[in-house]
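Here is what each chain is made of, one letter per residue.
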Amino acid sequence: MKHFVGIVGNNWSGSRNRQLLQLMKRRYADQFDLTLLETGDIPLFSQDIETTPSPVVTAFRDQIAQADGIIIATAEHNHSIPTSLKNALDWCSRVVHPLDQQPVMLVGASLGPMGTVRAQMHLRQILDSPGIGARVLPSNEVLISFSGKQFTPEGDITNPATLAQLDLSTQAFMAFVG
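Just so we're clear, the structure is a prediction, and the values are computed from it rather than from any experiment. (Residues numbered from 1 in each chain as written. Predicted model: local features only at pLDDT ≥ 70, side-chain atom pairs only at ≥ 80, totals over all residues. Heavy atoms only, no water.)

> Would you mind going over the packing of aromatic side chains with me for this structure?
Two aromatic rings, taken as a pair, are described by how far apart their centres are and by the angle between their planes. Using the criterion set out here, one finds four aromatic pairs in the structure. An aromatic cluster of at least three residues, connected via ring pairs, comprises Phe4, Tyr28, Phe32 and Phe173. The aromatic ring of Phe176 is capped on one face by Arg135, whose charged end is 5.0 Å from the ring centroid. Sitting above the plane of the Phe146 ring, Lys149 keeps its charged end 5.7 Å from the centroid. (Phe/Tyr/Trp six-rings, centres within 6.5 Å; stacked < 30°, edge-to-face > 60°. Lys NZ or Arg CZ within 6 Å of the ring centre and 35° of its normal.)

Right under this line is the structure:
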């Protein structure tokens, strides 16, 4: 069975993106194991300590490096990714490069009509940049708009079309990883 890491790209405790990754963990438990990593726990990136990071940073990078694939759930903040995700990626782009050639799937949920399309476009550019070099799944983004109406209080998605898109994209990612 494949082991994936799901990166929660923001630090809000009520994040729909966290709920989306938790849903994926439950829904696809028979296809892959998914460990969720939080970005809010990572200290602010500093070049002064980049060669001797905290144990939190080391554990974060090690789990990414050991995974068969990465699923990043990003919110959108000012048409880009949240600062906690950018900070985590900074720690993965300098001395140690755990995302290099790692297969990555992008997912996201937002309260507005655009899903997280602008954040995911920016995230693709970041992941493709020198120092990161991830292999991002093409053309299979999961963009859940109006997420406040799409999730139940228990964290399930109510819209069958949204679930079908999630299933299709996840199958494509499994093939991409394999």
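> I tried to follow helix α4 (residues 117-127) on my own but got confused; where do I start?
In an α-helix, one full turn covers 3.6 residues, which means residues spaced three or four apart are oriented alike. Restricting attention to buried positions, one finds in α4 the residues Ala119, Gln120, Leu123, Ile126 and Leu127. All buried residues of α4 fall inside an arc of 115° around its axis, so they share one side. Away from the buried face of α4 by more than 90 degrees, exposed residues Met121 and Gln125 are located. Packed against the buried residues of α4 are β3 (69-73), α3 (83-91), β4 (103-109), β5 (135-136) and β6 (142-144). (Buried < 20%, exposed > 50% of the residue type's maximum accessible area, 1.4 Å probe, protein only. Helix = DSSP H or I, 4+ residues; strand = E, 2+ residues; numbered from the N terminus. Arc of directions from axis to C-beta. Contact = heavy atoms within 4.5 Å.)

> Please clarify how the layout of surface pockets should be interpreted in this entry.
Any empty space left between atoms is shown by rolling a water-sized probe over those atoms. Taken as a whole, the largest pocket spans an internal volume of roughly 150 Å³. Lining the largest pocket we find Asn10, Trp12, Ser15, Arg16, Asn17, Ala75, Glu76, Ala109, Ser110, Leu111, Gly112 and Ser147. Split into classes, the residues belonging to the lining of the largest pocket amount to four nonpolar, six polar and two charged. (1 Å grid on protein atoms, 1.4 Å probe; cavity = no way out; pocket = protein on both sides within 12 Å on 5 of 7 lines; lining within 4 Å. Points joined across faces, edges and corners; volume = space filled by probe spheres on them. Nonpolar A, V, L, I, M, F, W, Y, C, P; charged D, E, K, R; others polar.)

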